[in-house]
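# Report on the structure
Listed below are the residues making up each chain.
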Amino acid sequence: MSNQQYSFFHSVEKSFDKAAKFTKWDKGLLEQIKACNSIYSMRFPVKMDDGRIEVIEAYRVQHSQHKTPCKGGIRFSDEVNQDEVMALASLMTYKCAIVNVPFGGAKGGIRINPRNHSSYELEKITRRYTAELVKKNFIGPGIDVPAPDYGTGEREMAWIVDTYQSLKPGEIDAAGCVTGKPISQGGVNGRREATGLGVFFGVREVCSMKDVMGKLGLETGIKGKRVIVQGLGNVGYHTAKFFRENGAILVGLAEYEGALYNADGLNEEDVFQYRKKTGSILNFPGATSIAHSAEALEMDCDILIPAALENVVNGDNAPRIKAKIIAEAANGPLTPEADEVFASKGVLVIPDMYLNAGGVTVSYFEWLKNLSHVRYGRMEKRFTENMNSHILSQIEELSGKQVGQKEKQFIMHGPDEIDLVHSGLEETMISATREIMDIWKNNPAIPDMRTAAYVCAINKVATSYTELGIFP
Ligand code: GLU
């Protein structure tokens, strides 16, 4: 199916409807939850380096304001269109609900290929886009808080916060108008790797469930699992890293120009550096090169992790996929047709809208840091270290024995920002995995984990609506 015919938003609606049947909510309330509340489609001119004026097509969609601010990334890609941004905004609502992050869902997109623009042009586009959002009241720490997504990162977020602050002088919480910022601009340690680490925590939790692994014919644990990751961007790179560091074997890595396979395992950092040097991952020494990237998804492995764009696994290629677990690090990589194929084959799909929620979870921590105007750990680090040191010396004195130097350092250590962020993320991903699995186990008629995740999300959003008194 071509991208033209494929409606991502329609796919999300389809999955929603499938799950809504397992809930008890009023039909009208379900329609309200599903709908995109506010859609801002804009066009603005930008003068390029060569003097040409280009009309830029861009969007910001606020899917739900049942909790404010709305939250979601901004994507730079030449595939951006309104349907895609609407779908991604909807997923944000459900994602935030599942991980108990108190935001409504939103998403932004600018239809450009960042590779075709100089950094000066990208800066002008980003700043103008931000100014348009300010004019229409579509951005602000209590209104709508963008973040990075496909094709954007810390640099773009720095431009956004700077533009916002210059247009809103004196707004004390202005730094909270966007997340994913550089640390020097109010970012939080741990945001960069957050989505990849969240994917790892989520899959690790699923892989620790004996009954679930038994049904798939797999051993529990991450160690020794053969993994293929599609996409070596921020999410794919970090996901690959955490899996390899924890004993998984990275048998395949795919990018848009091609893919690599090595049954003995690849190192994502070596491949990343090689690609940076040569401009392509192809012909990486010691691995088999695959010219047609999509074929990599069909190679032998235990866990397949699509970490790039939507609609990469569909009714056509799903029957050929050999993985027993598909972990959706990207948003919407599987179509509803692919879901049907995997449900009938007994393949476990760990769904995007909670599995890749690590990014928005740590964005929430960053936003809280911005509102509280204090770095995590600043207040308690020394206190904890002094207290631990005191406890240790008491133990040594009373027992007459000495604690080893390495152990001592570990026990004494008070939390830094990164420790607290990683711990908050780990807790969030473990609790969300268990909550979804419990819903699935308690209702055997639910066909797959995605539907269970939607049921979880719908129940939470619907409850907030009723608590607001909107639908008594
Ligand atoms: N773009 C990321 C996502 O799709 C992060 C959003 C955020 O941090 O607000 O979840």
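Scroll up for the structure.
As the structure is a prediction and not an experimental result, all values here were calculated from the model.

Here is what the cut-offs are and how they apply
Residues numbered from 1 in each chain as written. Predicted model: local features only at pLDDT ≥ 70, side-chain atom pairs only at ≥ 80, totals over all residues. Heavy atoms only, no water. Helix = DSSP H or I, 4+ residues; strand = E, 2+ residues; numbered from the N terminus. Buried < 20%, exposed > 50% of the residue type's maximum accessible area, 1.4 Å probe, protein only. Pairing = 2+ DSSP bridges. Axes fitted to C-alpha atoms, helices over the stretch in contact; angles between N-to-C directions. Contact = heavy atoms within 4.5 Å. Polar contact = N/O pair within 3.5 Å; in protein donor to acceptor, adjacent residues only side chain to side chain. Parallel < 35°, antiparallel > 145°, perpendicular 65-115°, else oblique. Left-handed = near helix turned anticlockwise from the far one by under 90°. Nonpolar A, V, L, I, M, F, W, Y, C, P; charged D, E, K, R; others polar. Salt bridge = Lys/Arg side-chain N within 4 Å of Asp/Glu carboxyl O.

The next thing to look at is unusual backbone geometry. A cis amide bond links Thr 68 with the next residue in sequence, Pro 69, at an omega value of 0°. Checked against the element boundaries, Pro 69 lands in the loop between strand 2 (53-62) and strand 3 (70-76). Despite not being glycine, Asn 100 has its phi angle at roughly 55°, a positive value. Relative to the elements of secondary structure, Asn 100 occurs in the loop between helix 3 (82-98) and strand 4 (104-110). Taking the relative accessible area as the measure of exposure, Asn 100 reaches 53% and is therefore exposed. At Asn 283, a residue that is not glycine, the phi angle is positive and equals roughly 65°. Structurally, the position occupied by Asn 283 is in the loop between helix 9 (268-278) and strand 9 (288-290).

Now for the sheet that holds strand 1 (residues 38-47). Reading across from one edge, 1-2-4-3-5 is the order of the 5 strands in this open sheet, with mixed pairing throughout. With one partner strand each, in any of the chains shown, strand 1 and strand 5 (144-148) form the two edges of the open sheet. On average, each strand axis in the sheet is inclined to that of its neighbour by 20°, with strand direction left out of account. As judged from the 5 bridges shared by strand 3 and strand 5, these two strands associate in the parallel manner. Residue pairing in the sheet places Gly 72 in a bridge with Pro 146 of strand 5. Running over the sheet, helix 4 (residues 119-135) touches strand 1, strand 2, strand 3 and strand 4 and is turned about 140° from strand 1.

Locating Thr 195 in the fold gives a position in helix 6 (residues 194-207). A distance of 3.4 Å separates the side chain of Thr 195 from the backbone nitrogen of Gly 359, its partner in a polar contact.

Each pair of packed helices can be described by the angle between their axes along with the distance between the axes. Packing of helix 1 (residues 8-20) against helix 2 (residues 27-34) leaves a shortest axis separation of 11 Å and a crossing angle of 150°. By the angle between their directions, the pair helix 1 and helix 2 is classed as roughly antiparallel. Along this stretch, helix 1 crosses helix 2, giving a crossing that reads as right-handed. Across the interface between the two elements, Phe 9, Glu 13, Phe 16, Asp 17 and Ala 20 of helix 1 pack against Leu 30, Ile 33 and Lys 34 of helix 2. Partitioned by chemical class, the residues of the contact of helix 1 with helix 2 number 5 nonpolar, no polar and 3 charged.

Next up on the list: the pattern of salt bridges. According to the stated counting rule, one finds 38 salt bridges in the structure shown. Close ionic contact of Lys 18 with Asp 448 constitutes a salt bridge, the shortest N to O distance being 3.3 Å. Pair noted here: Lys 18 is in helix 1 and Asp 448 is in the loop between helix 15 (417-442) and helix 16 (449-467), with a separation of 430 residues, a long-range link. For Asp 448, a relative accessible area of 9% corresponds to the buried category. Between Arg 204 and Glu 426 there is a salt bridge, and its shortest N-O distance comes to 2.8 Å. Separated by 222 residues along the polypeptide, Arg 204 in helix 6 and Glu 426 in helix 15 bring together distant segments of the chain. According to the relative accessible area criterion, Arg 204 is partly exposed, its value standing at 27%. Salt bridges here are not isolated pairs; linked through shared partners, they connect Arg 75, Glu 84, Lys 107, Asp 149 and Glu 310.

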